Amino acid sequence: MPALPTPLADTLPLPAGPADIRLIVTDMDGTLLDDAKRIPGELWPALAELRRRGVLFSPASGRQYATLARQFARVAEGMVFIAENGTYVVRDGVELSSDPMDGSVAAELVRTVRRLAADGVDVGAVVCGKRAAYVERTDEAFLAEVRRYYVEHRIVADATAVEDDVIKVALFDFGSAERSTAPALAGFAGTHQVVVSGEHWVDVMNRTANKGAALRGLQRALGITPAQTMVFGDYLNDLEMLDAAHWSFAMANAHPEVVRRARHLAPSNNDNGVLRTISRVLGL
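These lines cover the structure that appears in this document, whether it is placed above or below. Being a predicted model, the structure only gives us computed values, none of them experimental. (Residues numbered from 1 in each chain as written. Predicted model: local features only at pLDDT ≥ 70, side-chain atom pairs only at ≥ 80, totals over all residues. Heavy atoms only, no water.)

### A look at the packing of aromatic side chains
Using the following cut-off: Stacked, tilted and edge-to-face pairs are distinguished by plane angle, under 30 degrees for stacked and over 60 for edge-to-face with tilted covering the rest, among Phe, Tyr and Trp rings (Trp via its six-membered ring) whose centres lie within 6.5 Å. Secondary structure is summarised from DSSP: a helix means a run of H or I of at least four residues, a strand means a run of E of at least two, and numbering begins at the N terminus for each. The buried label applies to any residue whose accessible area, calculated with a 1.4 Å probe on protein chains only, is under 20% of its type's maximum; exposed applies above 50%, and partly exposed to all values in between. Charge over a ring is defined by NZ of Lys or CZ of Arg lying within 6 Å of the ring centre and within 35 degrees of the ring normal.
Counting across every chain of the model gives 10 aromatic pairs. Geometrically, the ring pair formed by Y65 and Y88 is edge-to-face, given 6.2 Å between the ring centres and 90 degrees between the ring planes. Within this pair, whereas Y65 is found in helix 3 (residues 65–71), its partner Y88 is found in strand 4 (residues 88–91), the two being separated by 23 residues in sequence. When its relative accessible area of 12% is taken as the criterion, Y88 is described as buried. When the centroid spacing of 4.7 Å and the interplanar angle of 85 degrees are considered together, the rings of F172 and F174 count as edge-to-face. We classify F172 as buried; its relative accessible area is 3%. Grouping aromatic residues by their ring pairs yields a cluster made of W44, F57, Y65, F72, F81 and Y88. Directly above the aromatic system of W44 lies the positively charged group of R74, at a separation of 4.2 Å from the ring centroid.

Shown next, in the form of structure tokens:
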């Protein structure tokens with residue numbers, strides 16, 4: 001197996017032998033998935049071995065729960081899904097935790113997106129509920145992006161009037177989300193999380209909601225410590241999650257802030273970095 005990149009200079013060394021890991025949590029896009037959005041084929045036998053050893057594997061993503069459950073359908077039994085950037089955590093179809101938004105805030109975000117679009121920004125809103133995601137835009141280019149992450153989605157005439165528990169509002173910007181859409185949401189940043197979760201995505205959630213908060217709640221529920229937790233991430237919505245684990249890994253392709261925050265560096269998502277690192281640290 002190819003050697004891992006040298007760990008960051010200010011990080012703890014990797015163990016000489018298998019570490020006592022009880023929980024592995026990984027982001028999806030840019031982390032576990034390669035740039036073609038493919039799950040590595042080597043994952044399935046690795047998951048079987050992790051399960052045999054009593055290690056819980058948990059995807060943590062901005063993706064919808066229904067999307068994650070479909071992607072992992074063959075191994076979903078007993079798996080914990082940290083969906084919608086930590087706002088909705090589910091195991092075997094049972095909600096473990098959620099952090100719904102005030103409906104009036106979600107509605108104002110939709111109106112903000114409408115104003116941005118009227119000013120010429122190529123952006124659309126996805127109102128993320130527990131049952132489905134709701135969108136107003138009907139053009140195929142936008143819907144193609146929505147389908148990547150929200151298999152359960154509905155086109156509605158008015159996304160400000162959704163009858164569902166709204167857990168997040170995601171904005172897709174065909175340009176740079178970090179440079180254009182995110183600054184336009186500054187008015188929400190004082191009361192809510194405004195997180196750039198990808199090159200084209202910005203997620204707005206309750207201030208108490210993030211992947212790290214969801215992970216810490218899961219650790220408490222399962223009696224698993226940060227020292228027994230391994231985490232992988234690549235973008236800004238992964239920062240709090242990295243803080244909740246002793247074995248925190250930034251992908252080689254990660255945002256610079258993620259690289260600074262993590263304790264270790266893993267190979268890139270296109271180099272099967274998650275599985276290579278798990279294999280080394282756990283001695284698979």
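There's plenty left to go through after this.
### Regarding the environment of R51
The cut-off we apply is this: Residue contacts are counted whenever heavy atoms from the two residues lie within 4.5 Å of one another.
Locating R51 in the fold gives a position in helix 2 (residues 43–52). With relative accessibility at 47%, the residue R51 sits in the partly exposed group. Sequence spacing of R51 and T26 is 25 residues, and the spatial spacing of their C-alpha atoms is 16 Å. In this view, R51 contacts V75 and E77; residues no more than four positions away in its chain are not counted.

### Some words on the nonpolar core
How we decide: By nonpolar core we mean a set of buried residues, namely Ala, Val, Leu, Ile, Met, Phe, Trp, Tyr and Cys, connected to one another through side-chain atoms within 4.5 Å.
Ranked by size, the top nonpolar core spans 48 residues in total, and within it V25, I82 and L109 carry the most contacts. Tallying contributions element by element places helix 4 (residues 103–118) first for this core, with 6 residues. Beyond its immediate sequence surroundings of up to four residues, L109 is in contact with M101, V169, L185, F188 and V204. L32, F72, V75 and M79 belong to the second-largest nonpolar core, a separate cluster that totals 31 residues.

### Details of the side chain of D234
The cut-off we apply is this: Just so you know, the count uses Lys and Arg for positive and Asp and Glu for negative, and it drops His and the chain ends. Any Lys or Arg side-chain nitrogen found within 4 Å of a carboxyl oxygen on Asp or Glu counts as a salt bridge.
On the secondary structure map, D234 appears in the loop between strand 12 (229–233) and helix 9 (239–243). The buried charged residue D234 lacks any salt bridge partner; its closest oppositely charged side chain belongs to K211, at an N-O distance of 6.6 Å. With near-sequence residues (within four places) excluded, D234 lies in contact with D27, D29, G30, T31, M251, N253, A254, H255 and V258.

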